[in-house]
Amino acid sequence: MILKIALKELKEIVRDGRFRITAFVVAALLVAALFVSKSYYQSVNAQHNEAKKNARSEWVGQGEKNPHSAAHYGTYAFKPKYPLSLLDNGVDKFSGVSIYLEAHKRNEAQYMAAQDQTALSRFGDLSPDFVLIFIIPLLIILIGFNSFTREHENNTLRLLKSQGVSSWKLAAGKWLGVFIPVLLIVVPIYILAAIFLSNIKDYGQFSLGALTILFGVYIIYYAVFTNITLVVSALYRKSNLAFVTLLGIWIVSCLAMPKVSTAIADSLYPYPTQVEFEQQIAEDKKKGLDGHNPWNEESKKLEQETLKKYGVDSIQQLPFNWAGFLMQEGEKHTADIYFKHYQLLKDTYVNQSKVYRATAAFSPFLPARFLSMAISRSDYYSHWDFADAAEKYRIELVGKMNGALMNNSKYGDWDYLENDKLWTAVEDFNYEPPTYAAILNLNGSNLATLLGWLLASSLILYAVVNKIKVI
Amino acid sequence: MLNHNIKYEWITLVREKWIVILLLLFFSITLFAVRNGNEKVEDRNLSITKEQEKVVKLDAEFTADIDSVTRKLKSPPKKTWLDPRSLSNIAWDAPRVVAMEAVPLALVSTGQSDLFTHYAKPKIYGEAYTLGFSELSNPVQLLFGSFDLAFVCIYLLPLLVLAFSYNILSADKESGVLKLTFSQPVSVYQWLLSKLALRYVILSSIVMISVVAALLFYGVSVADNFSAVVKLFALVLSYMLFWFLVAFVVNLFGKSSGNNAVTLVSVWVVMVLLIPSVISQLSNTLYPVPSRINMIHQYRVAEAEADKNANEILKTYYRDHPELAPKDTTKENQYAWILSYFASSELVNNSVKPILDKYDKALAKQQTWVDNLRFLSPAILLQNSLNDLAGTSTAHYADFRNQVIVFADVWKGYFKPRMFANEVMKAEEMKELPKHTYNTESVKNHFASDLAGMIFFVLIILAGSWTVYRRYTATGILNA
């Protein structure tokens, strides 16, 4: 019986010209988005590879230099793009792509794409995720808003009921009738994406498992919207009203809620401005990490301790270059200051994320959005992870330079030079992103919220259809 | 007849409570939106004020210190770089705040303001063009965007228009009133247009009242910013007119209410969501932004090359700038170390400038192209013009960046010749330090062309409505 109802629904939907046009448009948009994104990412990726090569050759070919000057000259870390970001570009447009790594200073990632684009880009790009997350729920509403209201309007509910079909079977049939057309669009796109992604060269390792999880998330998201659509359709007697209500729900959950939660998160846990942030760091650099141990005092203490440790009475007698040692200790000190302040910033970000998680109870869009970005490795967490890895590399790089100064040169010998032997001895920056297991683990609460939506909306649907009365 | 029509329409509307609901709904949304915009603007102004207060305080300290040392009340520190009279000290430690103060209507549209910093403090050392102008922010917030008045007007207002007008003809048709109406000597076109006109006037009033009330509530004087507010309403009301006319055309087809609702929503999705995002994506592909990371490489190569020669260049520098050469060669210049920096930085600047200029030119060209694409959708036109009014467009930030670079030169220009002359600062001179005033004069204003574009859309729809009327409505409206 369920199948029969589903088939009848499907037949009706497919015969409806409106559906055919819309479905065709949506599918065409998705395919177009996939192609456009592919060419865009290939060019970005080519740029990235070239930049990486250039940065390395600049570093290796910097000529003879004092190692500390080399640490000042520094190098760049470039954020890689991942295969699935072709489907969901996430926040990549709004986070910088390169980090300048130099002595004494942790820099923010520079050159976010959105800064070089006009405000037009704030409308969003036609990327696959735009269609998947905004447009397909609308399509679901369009297909299903009159599932039940139509029966009321045509007085066919009585006929149906006289066949002895139970309410939940009717609902299940109708549910499939709405959901199968969506699958007919999404599944081919999934296959197409899999073929696309496995054929792009030089594009990092592509994981079919991750792609499947990504589509799994979207399937759950669509199931939630299908449930909501049928609930509303079952509650109303007039198709018009059902449609307007559903549209309202869509606007609130997909357009308004993300912005409203942003406003709340920003009010409750504001980020410092760039200048404030830098000033706080500068303040700590001046006053010392805990506010009462300035570095110049700390370094005097260190000098005494070191002299005592090596049993000598002047820094000239130390078995290493004191300047290099002191420089490295200072570097550790500033690295700690940066760590502290970035940790504070991270706390703010974590608190903001909590706001988004709380407001996700009002919008299935939010958990789906966050999961999709996370699996595509284009979310804010991925950016943090990259920035932290770059910072780690920076500390190591500067440490090696100071180490060379400390161990290979004499105190006071500021003309001491190193060459490409040392530069090549520093390994290139190779970033390994977090594993999918770690990503899913981190996003457990988003997944739970999304599943919560699925469960709650299914239960409500079940309750509502059981109450449909034939009048 | 038409007067009667409008009168009864008014009575029905008032009795339906639609107007009250709309007013309350729109007013609360507007208030929330303006509140969000206002919060951002207040943060922005507050951080600028804080910085400026710091400068005033620091100036007072410097003035007092200089005064004490000059009058020998305090002995000068042994190291020059700690001497309050040292020009290099002031040029480095007491930089001015070059701020981009919010224009009065900034709270209307967040625009690009969440991406950029609103002040910079160029110093004697370092180049202003290398300053990062990024604001620290959670990119998720940038992705989701702000719930500001611009969002309400661009996205939500059309939906209110559509909800208010999707079934004007169809409802009467479905209830059978239409036949009665047309037993009177009145044309469907005029009848429908007059009904819509009434609704347009009502909704416009609601919008104007809500926006004015919200602006006043958040302390924006409408009287002082009269012309900007008029421009705002001209844009928003013509955008609304466009959407009313879209509803008008769809009504004229004479389909059922449900059909109209679905069609109108599809039009909204296409106009507000799809066209802008397609254009945005296309512009990335057709006119790609020149590569920044490639530019960094060229910059670094040129910089390294120039650096190699930089050590030897102070002599040639004096050859190029004889006016700066020391007059009294017997006395050692206390700023010697920074003077050689000036010389080397000029060399580096000259070699990287062509690269930066080339990049900026390519970027400006790309943005001009993309800017012209705004005429493809009224939603983009409105967004662009609201950002213009709020002073938050990309162009405003690019212009501000230029103002910072120009001021950085003014700042250096004040100290440079005096350092070469080995002078020191006098207390009374602290008041004469160069200052920056932000102005938006050099940012091109698109108001006229944006409004013209919007009116063009209105006229196209109006022309289309007449065709639809002749073809569909006049012949088939009373059937069925």
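Values in this document were obtained by computation on a predicted structure and should not be read as measured data.

**Student:** Would you mind going over the overall build of chain A with me for this structure?
**Tutor:** Secondary structure assignment for chain A yields 18 helices and 3 strands. Reported as C-alpha extents along the three principal axes, the dimensions of chain A are approximately 105 × 45 × 35 Å. Looking at chain A residue by residue over its 471 residues, the buried ones come to 57%. Taking the intrachain contacts of chain A between residues at least 6 apart in sequence as the baseline, contacts between residues at least 24 apart amount to 83%. Put simply, chain A shows about 20,300 Å² of open surface, and 61% of that area lies on carbon and sulfur atoms. Within chain A, the 43 negative side-chain charges are centred at a point lying 15 Å from the centre of the 47 positive side-chain charges.

**Student:** Any chance you could explain helix α14 (residues 365-375) of chain A here in plain terms?
**Tutor:** Think of an α-helix as turning once every 3.6 residues; residues three or four places apart then point the same way. With 11 of its 11 residues buried, α14(A) lies for the most part within the structure. A positive phi of about 55° marks Arg377(A), the residue just after α14(A).

**Student:** Sorry if this is basic, but what is going on with the packing of aromatic side chains here?
**Tutor:** Note on aromatic pairs: each is described by the distance of the centres and the angle between the planes. Residues and elements named next belong to chain A. Tallied over the entire structure, the rule returns 50 aromatic pairs over all chains. Centre to centre, the rings of Tyr76 and Phe78 are 6.0 Å apart; their planes meet at 20°, and the pair counts as stacked. Taken individually, Tyr76 and Phe78 each receive the classification buried, so the pair is uniform in this respect. Here Phe145 and Phe243 contribute two aromatic rings whose centre-to-centre distance is 4.9 Å and whose plane-to-plane angle is 65°, an arrangement assigned as edge-to-face. With Phe145 in the loop between α5 (128-144) and α6 (149-153) and Phe243 in helix α10 (residues 239-268), this residue pair connects regions lying 98 residues apart in the sequence. In this pair, the class of Phe145 matches that of Phe243, namely buried.

**Student:** I keep staring at helix α2 (residues 18-70) of chain B and nothing clicks. Help me out?
**Tutor:** End to end, α2(B) covers 76 Å across 53 residues, agreeing with the expected 78 Å (1.5 Å per residue, within 8%). Trailing α2(B) by a residue or two, Lys72(B) shows a phi angle of about 65°, which is positive.

**Student:** Got a minute to help me understand the domain arrangement of chain B in this structure?
**Tutor:** Many authors give the size of an interface as the accessible area that is lost as the parts come together. Residue and element names in this part refer to chain B. Domain boundaries in chain B define domain 1 (2-34 + 149-257 + 448-474) and domain 2 (55-143 + 286-444). One C-alpha centre belongs to domain 1, the other to domain 2; they are set 49 Å apart. Opposite the 22 residues of domain 1 that make contact, domain 2 presents 18 residues. Carbon and sulfur atoms supply 79% of the area that domain 1 and domain 2 bury against each other, a total of about 1,700 Å² over both sides. Summed over the three residues of domain 1 that lose the most area to domain 2, namely Ile154, Asp450 and Phe457, the buried surface amounts to 29% of that side. Along the contact surface separating domain 1 from domain 2 lie 1 salt bridge.

**Student:** I'm lost on the environment of Ser221(B) in this one. Help?
**Tutor:** Residues and elements named next belong to chain B. Mapped onto the secondary structure, Ser221 falls in the loop between α8 (188-217) and α9 (226-252). For Ser221, a relative accessible area of 25% puts it in the partly exposed group. The sequence separation of Ser221 and Leu105 amounts to 116 residues, and the corresponding C-alpha distance is 9.7 Å. A distance of 3.4 Å separates the side chain of Ser221 from the backbone nitrogen of Ala223, its partner in a polar contact.

**Student:** Sorry if this is basic, but what is going on with the packing of α10(A) against helix α10 (residues 257-286) of chain B here?
**Tutor:** Between two packed helices, what matters for the description is the angle formed by their axes and the separation of those axes. In the contact formed by α10(A) and α10(B), the axes pass within 9 Å of each other and the chain directions differ by 20°. On the basis of their axis angle, the class for α10(A) and α10(B) is roughly parallel. Crossing of α10(A) against α10(B): the hand is left-handed. In this structure, α10(A) uses Asn240(A), Phe243(A), Leu247(A), Trp250(A) and Leu255(A) to contact α10(B), whose residues at the interface are Ser257(B), Gly258(B), Ala261(B), Val262(B), Val265(B), Trp268(B) and Leu273(B). Of the residues contributing to the contact of α10(A) with α10(B), the split by class is 9 nonpolar, 3 polar and no charged.

**Student:** Hey, could you run me through the sheet that holds strand β1 (residues 75-78) of chain A in this one?
**Tutor:** Each strand in a sheet pairs with another by means of backbone hydrogen bonds, the pair being arranged parallel or else antiparallel. Spatial strand order, β1-β2-β3 (chain A): 3 strands in an open sheet with antiparallel pairing. The sheet is open, and its two edges are formed by β1 and β3 (105-106) of chain A, each paired on a single side.

**Student:** Mind showing me how you'd approach the environment of Asp93(B) here?
**Tutor:** Residue and element names in this part refer to chain B. Among the structural elements, Asp93 can be located in helix α3 (residues 87-93). On the basis of relative accessibility, which here comes to 41%, the residue Asp93 falls in the partly exposed class. With 30 residues separating them along the chain, Asp93 and Lys123 place their C-alpha atoms 7.9 Å apart.

**Student:** What am I meant to see in the interface of chain B and chain A here?
**Tutor:** Listed by partner, the interface residues are 79 residues for chain B and 78 residues for chain A. Summed over both sides, the interface of chain B with chain A buries roughly 6,800 Å², with 64% coming from carbon and sulfur. Inspection of the region where chain B meets chain A yields 3 salt bridges. Here Glu58(A) and Arg300(B) are joined by a salt bridge, their closest N and O atoms 3.1 Å apart. The interface formed by chain B and chain A holds 26 residue pairs in polar contact (both at pLDDT 80 or more) in total. When residues of the side of chain B that touches chain A are traced back to their parent elements, those giving at least two are α2, α4 (139-144), α5 (149-165), α10, α11 (292-310), α13 (336-372) and α14 (378-390) of chain B. Residue classes in the side of chain B that touches chain A are distributed as 39 nonpolar, 28 polar and 12 charged.

**Student:** What exactly am I supposed to notice about the side chain of Arg56(A) here?
**Tutor:** Residue and element names in this part refer to chain A. Looking at the element boundaries, Arg56 is found in helix α2 (residues 17-60). Summary of buried charges: Arg56 has no salt-bridge partner, and the nearest side chain of opposite charge, Asp428, is 4.3 Å away. Excluding residues that lie within four positions of it along the chain, Arg56 makes contacts with Tyr393, Trp423, Thr424, Val426, Glu427 and Asp428.

**Student:** For this particular structure, what's the right way to read the pairing of strand β2 (residues 98-102) of chain A?
**Tutor:** Within a regular strand, side chains alternate between the sheet's two faces. All names here are of chain A. The buried count for β2 comes to 5 of 5 residues, which makes it a mostly enclosed element. Judged by which residues are buried, β2 turns out to be covered on both faces: Ser98, Tyr100 and Glu102 on one side and Ile99 and Leu101 on the other are all buried. Of the strand pairs in this sheet, β1 and β2 are connected by 4 bridges, and their pairing is antiparallel. The partner of Thr75 across the bridge, within β2, is Leu101. Taking the residues between adjacent antiparallel strands as the criterion, β2 and β3 are bridged by 2 residues, where His104 takes a positive phi near 70°.

**Student:** Please explain the nonpolar core as it appears in this structure.
**Tutor:** The tendency in soluble globular proteins is for nonpolar side chains to be buried side by side. Counting residues in hydrophobic clusters, the biggest one holds 200 residues, and the most contacted among them are Ile136(A), Tyr222(A), Trp250(A), Tyr155(B), Trp243(B) and Trp268(B). Of all the elements, α9(B) adds the most residues to this core, at 19 residues. Discounting chain neighbours no more than four positions away, the residues touching Tyr222(A) are Leu132(A), Ile136(A), Pro137(A), Ile140(A), Phe179(A), Val182(A) and Val186(A). In terms of nonpolar packing, the next biggest core, distinct from the first, is built from 38 residues, Val98(B), Leu115(B), Tyr397(B) and Tyr414(B) among them.

**Student:** What exactly am I supposed to notice about unusual backbone geometry here?
**Tutor:** The bulk of non-glycine residues show a negative phi, and the bulk of peptide bonds are trans. Residues and elements named next belong to chain A. A positive phi angle is found at Tyr111, which is not glycine, with a value near 60°. Secondary-structure assignment places Tyr111 in the loop between β3 and α4 (113-116). Although it is not a glycine, Asn155 adopts a positive phi angle of roughly 55°. The topology assignment puts Asn155 in the loop between α6 and α7 (157-162). For Asn155, a relative accessible area of 55% corresponds to the exposed category.

**Student:** Even after reading the chapter, I still don't get the side chain of Thr262(A), so can you show me in this structure?
**Tutor:** With respect to the helices, strands and loops of the structure, Thr262(A) is situated in helix α10. The residues touching Thr262(A), leaving out its near neighbours within four places in the chain, are Tyr356(A), Gln141(B), Phe144(B) and Gly145(B).

**Student:** Even after reading the chapter, I still don't get the confidence of the model for chain B, so can you show me in this structure?
**Tutor:** Do not read the fine detail of predicted coordinates wherever pLDDT is low. Mean pLDDT over chain B: 86, with 93% of residues reaching 70 or higher. Highest mean pLDDT in chain B belongs to α9(B) (95); lowest belongs to helix α12 (residues 314-320) of chain B (63).

**Student:** Help me understand the pattern of salt bridges, please; the structure alone is not making it clear to me.
**Tutor:** Pairing between side chains of opposite charge can happen when the charged atoms of each approach one another. All names here are of chain B. A complete count under the given rule lists 33 salt bridges over all chains for this structure. Between Glu9 and Lys195 there is a salt bridge whose closest N-O contact spans 3.2 Å. Here Glu9, found in helix α1 (residues 2-15), pairs with Lys195, found in helix α8; they are 186 residues apart in sequence, far enough to count as distant. Pair check on accessibility: Glu9 and Lys195 agree, each one buried.

Quick notes on the rules
- Residues numbered from 1 in each chain as written.
- Chains lettered and ligands numbered in written order.
- Predicted model: local features only at pLDDT ≥ 70, side-chain atom pairs only at ≥ 80, totals over all residues.
- Heavy atoms only, no water.
- Helix = DSSP H or I, 4+ residues; strand = E, 2+ residues; numbered from the N terminus.
- Buried < 20%, exposed > 50% of the residue type's maximum accessible area, 1.4 Å probe, protein only.
- Contact = heavy atoms within 4.5 Å.
- Areas by Shrake-Rupley, 256 points an atom, 1.4 Å probe, with all protein chains shown as cover.
- Lys, Arg positive; Asp, Glu negative; His and termini not counted.
- Charge placed at Lys NZ, Arg CZ, Asp CG, Glu CD.
- Phe/Tyr/Trp six-rings, centres within 6.5 Å; stacked < 30°, edge-to-face > 60°.
- Expected span 1.5 Å × (residues − 1).
- Domains from an automatic or database assignment.
- Buried area = accessible area lost by both parts, 1.4 Å probe.
- Salt bridge = Lys/Arg side-chain N within 4 Å of Asp/Glu carboxyl O.
- Polar contact = N/O pair within 3.5 Å; in protein donor to acceptor, adjacent residues only side chain to side chain.
- Axes fitted to C-alpha atoms, helices over the stretch in contact; angles between N-to-C directions.
- Parallel < 35°, antiparallel > 145°, perpendicular 65-115°, else oblique.
- Left-handed = near helix turned anticlockwise from the far one by under 90°.
- Nonpolar A, V, L, I, M, F, W, Y, C, P; charged D, E, K, R; others polar.
- Pairing = 2+ DSSP bridges.
- Core = buried A, V, L, I, M, F, W, Y, C linked by side-chain atoms within 4.5 Å.
- pLDDT = per-residue confidence, 0-100.

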